[in-house]
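What follows is each chain in one-letter form.
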Amino acid sequence: MIGTKKETRLAPCGQPVPDSGGHVAESRSLRRLPPVAPALALRALCLLDTGFSSGCTIQAALQQVLEDATRRQEGGPDGRDRHLAAELAYGSLRMEPRLAFVLCRVLRQPLKLPLPLRRLLAVAAYALLFLDRMPAHAVLHTAVDLARQLYGPGLAKVVNASLRSVQRLGDAVQRPDFYAGPADEDIFFAPDAAAARALRRAAVAEEDLRLARFHAVPCWLPPLWRQAYGDDACRALLVRSGARPWQALRVNAAREQAGALRRALLDAVPEGAARAVGRWGVAFAPGQTPAAVQGEPLARLLEQGLLSQQAAASQEIMAALGLEDWARRGWPVWDACAGYGGKSVQLLEQGGDVRLCTDRSLSRLRQVPGHCRRLGLPVPHLALADASRPPVSRWQGGIIADVPCSGLGVLARRPDLRRRPREALAEHAALQRAILRALAERLAPGAELAYVTCTLHPPENEQAVDWLLAEDGAVERLAQWQTPHDHPWLEGMFGARLRRRG
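Residues numbered from 1 in each chain as written. Predicted model: local features only at pLDDT ≥ 70, side-chain atom pairs only at ≥ 80, totals over all residues. Heavy atoms only, no water.

### Brief notes about the pattern of salt bridges
What the rule picks out here adds up to 34 salt bridges. Across the salt bridge formed by Arg279 and Glu324, the nearest N and O atoms sit 2.6 Å from each other. Of this pair, Arg279 sits in the loop between β2 (274-277) and β3 (281-284) while Glu324 is found in helix α16 (residues 324-329), placing the two residues 45 residues apart along the sequence. Looking at Arg279, the relative accessible area reads 42%, which means it is partly exposed. For Glu324, a relative accessible area of 12% gives the class buried. A salt bridge links Arg501 to Glu476; the nearest nitrogen and oxygen atoms lie 3.7 Å apart. (Salt bridge = Lys/Arg side-chain N within 4 Å of Asp/Glu carboxyl O. Helix = DSSP H or I, 4+ residues; strand = E, 2+ residues; numbered from the N terminus. Buried < 20%, exposed > 50% of the residue type's maximum accessible area, 1.4 Å probe, protein only.)

Set out below in structure tokens:
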């Protein structure tokens, strides 16, 4: 059970740290920068560069930077700077390949510049090209000032000249045809020349390369989606992967005021800026999430357990697969890849009997009791276990397997996933089949398994389910759902509901 095994402590960005430490190392020059939004975003991106190979995410990196800024300054950055820092960090990472191409057009030898300076250029270029609310003169002034503090007046002049060249490109950068032709954008953010040589890509068809640059995705992704889903779907998915994500909330269905609160959330913003998702969720267009509902700040409603944050498609798929049936039948539920417990608490709120949560990550699993207590829900039994080698011999009821995947359906919300190599696709597919086989073998006659991913890759989705059905003739498919490819903002998810015949 949880807490019986010693675990190496990890920093928020996934780096092992000594017992007296706690965070990924950061250069003194970066930490000395003022706590303005562009500097906070720059620091988070540099931390991601340092710790990505060890599991760092942009969310963890930004959290570390904001916590450090709060310790060093009473009260820390205000709400506006925090939100702007998040937009600059996530946005510049989401548009990373596109920004690299644009900057390669105005810099002859980018690898001669320090990597943090290239990151600063990308943050500023993102603000110039994609953020209307930041005046261009303010973007340039801040970027040049930060460059001067980091590297002196010489490189500050380089930043000024480069960003003014980006400005002179004008509206051309908003047209797909701008992104044709030779460029070395794939090595723009390489730490050094040796790493750059390893990053140089193989030959890619010109049309795929242009699409990848414009939509800021790995160059292998357009042909993969085109082959899997066709030209029209591929283009729609590329557009969605680069859009700012919608934020979704889930109302706690176990509370008496749940229905009224959901209606109030839908009415709290202008028409068209909110959509109902799943049974109890509401999704808000970018920048439209209300600060308060029914006279209460949103943060207070979250603290009181009336609301939770959960991705819209994650809520939608639970309803699409009809997993509330398990609650109505009174079935015991085992969440075999529980993570932070999002789907478990969603079922518990609707009266489900979630008995067991297992996951191979102790740091994630430890968050489940806190979520349950905040929401006023019973805490399931917790166990550290790999779903491909489950600790249960037979299960009568329902099993949820929201399996590790390549995340190609959530590139807008998780922009750091763009950095994963294509080789990871095959690794995920092999793991998923091992999990499917192991969990299907544990199903008692009549019991069911919900297989879920947040990716758009047939070998991890429908082909994995087809493989299991061919391997085990006693398992049947009851339902299958995938986010429509032409949906403009809902994350890409896949799910199948399977049953062992009685």
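### Regarding empty space enclosed by the protein
In this approach the atoms are scanned with a rolling probe the size of a water molecule, which exposes any empty space left behind. On inspection of all chains with the given rule, the structure shows 4 cavities of 30 Å³ or more. Put simply, the largest cavity is a space of about 170 Å³. Around the largest cavity sit 21 residues that line it, and Arg240, Gly409, Ala412, Trp489 and Glu491 are the ones nearest its centre. Grouping the amino acids of the lining of the largest cavity by side-chain chemistry returns 14 nonpolar, 3 polar and 4 charged. Roughly 60 Å³ of internal volume is contained in the second largest cavity. (1 Å grid on protein atoms, 1.4 Å probe; cavity = no way out; pocket = protein on both sides within 12 Å on 5 of 7 lines; lining within 4 Å. Points joined across faces, edges and corners; volume = space filled by probe spheres on them. Nonpolar A, V, L, I, M, F, W, Y, C, P; charged D, E, K, R; others polar.)

### Thoughts on the packing of aromatic side chains
What describes a pair of aromatic rings is the distance from one ring centre to the other and the angle between the planes of the rings. Counted under the stated rule, the structure contains 10 aromatic pairs. An angle of 10 degrees between the planes, with centres 4.1 Å apart, marks the rings of Trp246 and Trp489 as stacked. In this pair, Trp246 is assigned in the loop between α12 (231-242) and β1 (247-251) and Trp489 in the loop between β12 (475-482) and β13 (494-500), connecting sequence segments 243 residues apart. The same class applies to Trp246 and to Trp489, which are both buried. By the ring-pair criterion, three or more aromatic residues cluster together here, those being Phe101, Phe178, Tyr179 and Phe214. Against the face of Phe178 rests Arg105, its NZ or CZ located 4.8 Å from the ring centre. When the ring centre of Phe52 is taken as origin, the NZ or CZ atom of Arg419, which lies over that ring, is 5.8 Å away. (Phe/Tyr/Trp six-rings, centres within 6.5 Å; stacked < 30°, edge-to-face > 60°. Lys NZ or Arg CZ within 6 Å of the ring centre and 35° of its normal.)

### As for unusual backbone geometry
Positive phi outside glycine occurs at Ala216, with the angle close to 60 degrees. Here Ala216 shows up in the loop between α10 (206-215) and α11 (221-229). The phi dihedral of Gln294 is positive, around 55 degrees, even though this residue is not glycine. Structurally, the position occupied by Gln294 is in the loop between β4 (292-293) and β5 (296-297).

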